[in-house]
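Residue strings, one per chain:
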Amino acid sequence: MRTLILIAAAAMAAAAQPPDAAKRAYVSRCAGCHGEDGNGGGHGPGILNVRRTRATSREAVVSLIRNGIPEAAMPAFSLPPSELNLLADYVMFLKSPAPAPAAPAGDVSAGQRYFAGAGRCTSCHMVRGVGGILGPDLTELASNRSPSEIAASLHGEPSANPPRRRRWAGPFFRPVAITLTSGQTLRGISRNESNFDIQLLTPDQKLHILDKLHVARIERDAAFIPALQATAAERRDLLAYLTRLRLDTSLASRVMASPMGDGIPFARVAKPAPGEWPSYNGTMDANRFSPLDQIHAGNVAQLAPKWMFPLVGAPRSLQVTPLVVDGIMYVTSVNEAYALDARTGREIWHYGRPRTKGLVGDTASGINRGAAVLGDRVFMTTDNAHLLSLHRLTGQLMWEVEMADHRQNYGSTGAPLVVNDLVIAGISGGDEGARGFLDAYRAATGEHVWRFWTVPSPEAPGGETWAGDSWKHGCGTTWLTGSYDPELKLLYWPTGNPCPDYDGEARRGDNLYTSSVVALEPATGKLRWHYQFTPHDVHDWDATEPPVLADFEWKGQPRKLLLQGNRNGFFYVLDRATGEFLQATPFVGNITWASRIDEKGRPVLLPNNVPAAEGQRTCPAVEGATNWTSTAFDARRGWYYLFAEESCSIYSLRSESWQAGKSYYGGSTRRSPGDNGEKYLKVIDVRNGKSVFAIPNVGGGILASGLMATAGNLLFYGDGHGAFVAADASNGRVLWHFNTSQMWKAGPMTYLLDGKQYVAIAAGNTIVAFGLP
């Protein structure tokens, strides 16, 4: 604290404000929550963590103090300008890093060799994705510790006092021996502890989440971390190496050669055990149908909340679907990932980084739909189109790659998908002129394996469907997670609309492979087949709705099908082995752009439906007859469940040129006068495309909750009034609801743990898990 005040005094001299006045203002207004010694006063972060706050400029600090942070329960402060300025100045110089002291002399290369070799430091510590996970990650050690502090730690217990991190919120690393009531003793590092449980990481790299009801004794185990045995020269060189460990933030990518550790093999992702949810849709076929039936139509009325976990600082409405494997839940928000105890909602670890400035479109609004898991890794994308690999037990950054330059309007919002040893990830920017592609990376190292361009260049197949150089900013982005058939070894990925969205004259042709589904060989990215739902789309009707895979009887013969309720108002059935078009039927009544889909799978267009300068009414509306939110398929009945909306828009045309940092719509839309957008949950018999039944007046708009079906004869979804609802999947009768008063943007999921079924969903910016009494 004394050092900070001295730095503050020098910084504030020019402003003729004594540091004591600034400190007194801070203590009187802020120390109750944030403390004045770096440890926090209870609710907020300590001042030594102030560099991690969301306000990155003086103006932002002033705004934050004046307006508060409602989602974090920080009140607004109405202060006189003089006091407000004192507080802002004090926070800003606390946020300013102190000058780095000179690093000690020594042979850095020799120190690095000792660290990884004779010193056996990597058995516990990780640096740049390589090493152990028992101790703190030292990648940014010199950014957070002074040379004298690092030197002192070499004489004691290296793991007892972890470095303060900017990017990874680490635990306290206490070596302990835990004796269970059964008599068993576990030795390891305690990473987190409450009055009711303790989380222990053992040398075999297993995380034990222990209920204290089963713990007889917890003892400090100083012998677990051996003292450093090094010569004076080795200690000098090691210190020289450690005091130079700083993260190079100028690097867009960090590819590692670290081997993939044990954990979740791909076989468990491809065919999950009952009760696990290891991928975005739960299963690789994107069915969102769970075989769990402990919670069923007969007892769902007893369903009650079991725990809640708010993602403080996250956008108001999360779009994430949680994953659950080995009792750990993984959830994401924009540039943040959390691991939670799926039994209690207790945090295990948190990884985060600041949001990127200067973004445009969906990624600027803070959307992130989830993660993927494989081996000992968790994978997620960031708002600036980076793909991250994190250790799934600790949250440590293993590798990072830049997929595209965010300054060219690229971002990423979707959950990746793992296939064998690859991580498949898409990009966003589909209304901003980002040329679409899908990427594959080696899961262990981040090595780039292949790229499939959804907007081909002129010399590539499909390039002839774009006029002139319109392909350069043709969109067709890949922001929704696809599906995978392990028998056919085919990856299915939906693509977004072409750009400019409404100006078809600027891009004459069918505009492949936009508003389509593409079937790719996952090992190479080679296109096997494609189907375009809306050729030359001029209404922003992405095909980024779930590509559901179904093994089902078709016309008396077993067949591998792909099902999709498309934003354009038609429900499609395709042969997923060949891409053959089988059937398309309307699932809403108000379709004015096409009379039908012909035998070849192309729409039969109706007149007077192209956007015009004076405006043109067309149905469905720009939001679509349905949208990206999750659907479900019950193979026992052959029923497909989706949300549908009867709505229309006025589409207006405007000439635009692509610009970095700007949207690229080529026009605008507004709701048709008198159109209230009636939304309902619809059930379709896939054999004939006919409606079985519908749940009316769901509300909330088509860009709201997703849904899930279970073997308990239940449908789960969120309605437009903030209620989480369970309905009878056979007739739509509402059986239970729980009011959250939150906006829905996410889909529900379910899991089984310790013999108990849970149902979880993101309600607003809070994860809520429900279970039976």
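Residues numbered from 1 in each chain as written. Predicted model: local features only at pLDDT ≥ 70, side-chain atom pairs only at ≥ 80, totals over all residues. Heavy atoms only, no water.

Draft legend 1. Structural detail: the overall build of the protein. A tally of regular secondary structure across the protein gives 10 helices and 46 strands. Taking as baseline every contact in the protein between residues at least 6 positions apart, the subset at least 24 positions apart corresponds to 60%. (Helix = DSSP H or I, 4+ residues; strand = E, 2+ residues; numbered from the N terminus. Contact = heavy atoms within 4.5 Å.)

Draft legend 2. Structural detail: the nonpolar core. Of all hydrophobic cores here, the largest spans 103 residues; its most connected members are Met 329, Phe 716 and Tyr 751. Broken down by element, the residue count for this core peaks at 6 residues, all from strand β45 (residues 756-763). For Phe 716, the contacting residues outside a window of four places in its chain are Ile 295, Val 300, Leu 303, Gly 706, Leu 707, Met 708, Thr 710, Phe 724, Val 725, Ala 726, Pro 748 and Val 759. Grouped together as the second largest cluster of nonpolar side chains are 42 residues, Trp 541, Leu 562, Leu 582 and Trp 593 included. (Core = buried A, V, L, I, M, F, W, Y, C linked by side-chain atoms within 4.5 Å. Buried < 20%, exposed > 50% of the residue type's maximum accessible area, 1.4 Å probe, protein only.)

Draft legend 3. Geometry of the pattern of salt bridges. Inspection of every chain in the model, using the stated rule, returns 35 salt bridges. Here Asp 405 ties to Arg 407 by a salt bridge, and the two come within 3.0 Å at their closest N and O atoms. Here Asp 405 falls in the partly exposed class, since its relative accessible area comes to 25%. The exposed category is assigned to Arg 407, whose relative accessible area is 57%. Among the ionic pairs, Arg 602 bridges to Asp 510, the shortest N-O distance being 3.1 Å. On the criterion of sequence distance, the pair formed by Arg 602 in the loop between β31 (594-597) and β32 (603-605) and Asp 510 in the loop between β24 (490-494) and β25 (516-520) is long-range, its members being 92 residues apart. Of the residues examined, Arg 602 reaches a relative accessible area of 40% and is grouped as partly exposed. The exposure class of Asp 510 is partly exposed, given its relative accessible area of 25%. Three or more residues joined by partner-sharing salt bridges are found here, namely Asp 485, Glu 487, Asp 551, Lys 560 and Arg 576. (Salt bridge = Lys/Arg side-chain N within 4 Å of Asp/Glu carboxyl O.)

Draft legend 4. Expanded view of the sheet that holds strand β6 (residues 197-202). Here 5 strands make up an open sheet; going across it, the order is β7-β6-β5-β4-β8 and the pairing antiparallel. Looking at which strands have only one partner, the edges of the open sheet turn out to be β7 (206-211) and β8 (215-220). If you compare each strand with its neighbour and ignore which way they point, the axes differ by 40° on average. Sheet topology note: the β6/β7 ladder contains 6 bridges and is antiparallel. Bridge assignment links Ile 198 to a residue of β7, and that residue is Leu 210. (Pairing = 2+ DSSP bridges. Axes fitted to C-alpha atoms, helices over the stretch in contact; angles between N-to-C directions.)

Draft legend 5. How the structure looks around the environment of Ala 726. Locating Ala 726 in the fold gives a position in strand β42 (residues 723-728). Through-space distance from the C-alpha of Ala 726 to that of Leu 715 is 5.5 Å; in sequence the pair is 11 residues apart.

Draft legend 6. Region of the structure containing the pairing of strand β28 (residues 557-565). As judged from the 7 bridges shared by strand β27 (residues 548-554) and β28, these two strands associate in the antiparallel manner. Directly across from Glu 553, in β28, lies its bridge partner Pro 558. Between the end of β27 and the start of β28, which pair antiparallel, lie 2 residues, with Lys 555 showing a positive phi angle near 55°. Bridge count between β28 and strand β29 (residues 570-575): 5 bridges; the pairing is antiparallel. If you follow Leu 563 over to β29, its bridge partner there is Val 573. Taking the residues between adjacent antiparallel strands as the criterion, β28 and β29 are bridged by 4 residues, where Gly 569 takes a positive phi near 105°.

Draft legend 7. Here's a closer look at the sheet that holds strand β20 (residues 422-426). Taken together, the 4 strands give an open sheet; going across it, the order is β19-β20-β21-β22, and neighbouring strands pair in antiparallel fashion. Each end of this open sheet is capped by a strand with a single partner; those strands are β19 (417-419) and β22 (448-453). On average, each strand axis in the sheet is inclined to that of its neighbour by 25°, with strand direction left out of account.

Draft legend 8. Local environment of the side chain of Gln 319. Within the element layout of this structure, Gln 319 appears in the loop between β10 (304-310) and β11 (323-325). Here the side chain of Gln 319 touches Arg 369 through a polar contact of 3.1 Å, side chain to side chain. Dropping the residues within four chain positions of it, Gln 319 is found in contact with Ile 367, Asn 368, Arg 369, Trp 628, Lys 745 and Ala 746. (Polar contact = N/O pair within 3.5 Å; in protein donor to acceptor, adjacent residues only side chain to side chain.)

Draft legend 9. View of the state of the cysteines. Across all of its chains, the model carries 2 disulfides by this definition. Disulfide partner of Cys 475: Cys 499, at an S-S distance of 1.9 Å. Taking the torsion about the sulfur-sulfur bond, which here is approximately -85°, the covalent link between Cys 475 and Cys 499 counts as left-handed. Placement of Cys 475 in the loop between β22 and β23 (483-485) and of Cys 499 in the loop between β24 and β25 is noted, with a sequence separation of 24 residues between them. Side by side, Cys 475 and Cys 499 carry an identical accessibility label, which is buried. Sequence-ordered numbering of the disulfide-bonded cysteines in the protein gives the connectivity 1-2, 3-4. You can see Cys 121 has no disulfide; the closest cysteine sulfur is in Cys 124, sitting 8.8 Å from it. Residue class for Cys 121 comes out buried when judged on its relative accessible area of 14%. (Disulfide = S-S within 2.5 Å.)

Draft legend 10. The arrangement of unusual backbone geometry in detail. The residue after Cys 499, namely Pro 500, is reached through a cis peptide bond having omega -5°. Along the chain, the position of Pro 500 falls in the loop between β24 and β25. One non-glycine residue, Gln 205, lies in the positive phi region at around 60°. Considering the arrangement of structural elements, one finds Gln 205 in the loop between β6 and β7. What makes Gln 205 partly exposed here is its relative accessible area of 38%. Even without being a glycine, Cys 475 presents a positive backbone phi close to 65°.

Draft legend 11. The arrangement of the confidence of the model for the protein in detail. The pLDDT averaged across the protein works out to 89; a share of 88% of its residues lies at or above 70. In the model, residues 1-18 has pLDDT below 50 throughout and makes 23 contacts with residues more than four positions away in sequence or in other chains. Here residues 46-53 scores under 50 on pLDDT; set against residues more than four positions off or in separate chains, the count is 29 contacts. (pLDDT = per-residue confidence, 0-100.)

Draft legend 12. How the structure looks around the pairing of strand β17 (residues 386-391). For β17, a buried count of 6 out of 6 residues is recorded, marking the element as mostly surrounded by other parts of the structure. By the alternation rule, side chains of β17 split into His 386, Leu 388 and Leu 390 and Leu 387, Ser 389 and His 391, which are all buried. Inspection of the sheet shows strand β16 (residues 377-381) paired to β17 by 5 bridges, in the antiparallel sense. By the bridge assignment for β17, Met 380 is matched with Leu 388. Counted along the chain from β16 to the antiparallel partner β17, the turn is 4 residues long, and its residue Ala 385 has a positive phi close to 65°. In the sheet, β17 pairs with strand β18 (residues 397-402) via 5 bridges, with the strands oriented antiparallel. In the strand pairing of β18, Leu 388 is matched with Glu 400. Linkage of β17 to β18, two consecutive antiparallel strands, is achieved through a turn of 5 residues, within which Gly 395 is found at a positive phi near 80°.

Draft legend 13. Summary view of the packing of aromatic side chains. For the coordinates displayed, the defined rule picks out 29 aromatic pairs. Taking 6.1 Å as the distance between ring centres and 85° as the angle between the ring planes, the aromatic pair formed by Phe 570 and Trp 593 counts as edge-to-face. On the criterion of sequence distance, the pair formed by Phe 570 in strand β29 and Trp 593 in the loop between β30 (581-586) and β31 is long-range, its members being 23 residues apart. What makes Phe 570 buried here is its relative accessible area of 2%. In this structure Trp 593 comes out as buried when scored by relative accessible area, which is 4%. (Phe/Tyr/Trp six-rings, centres within 6.5 Å; stacked < 30°, edge-to-face > 60°.)

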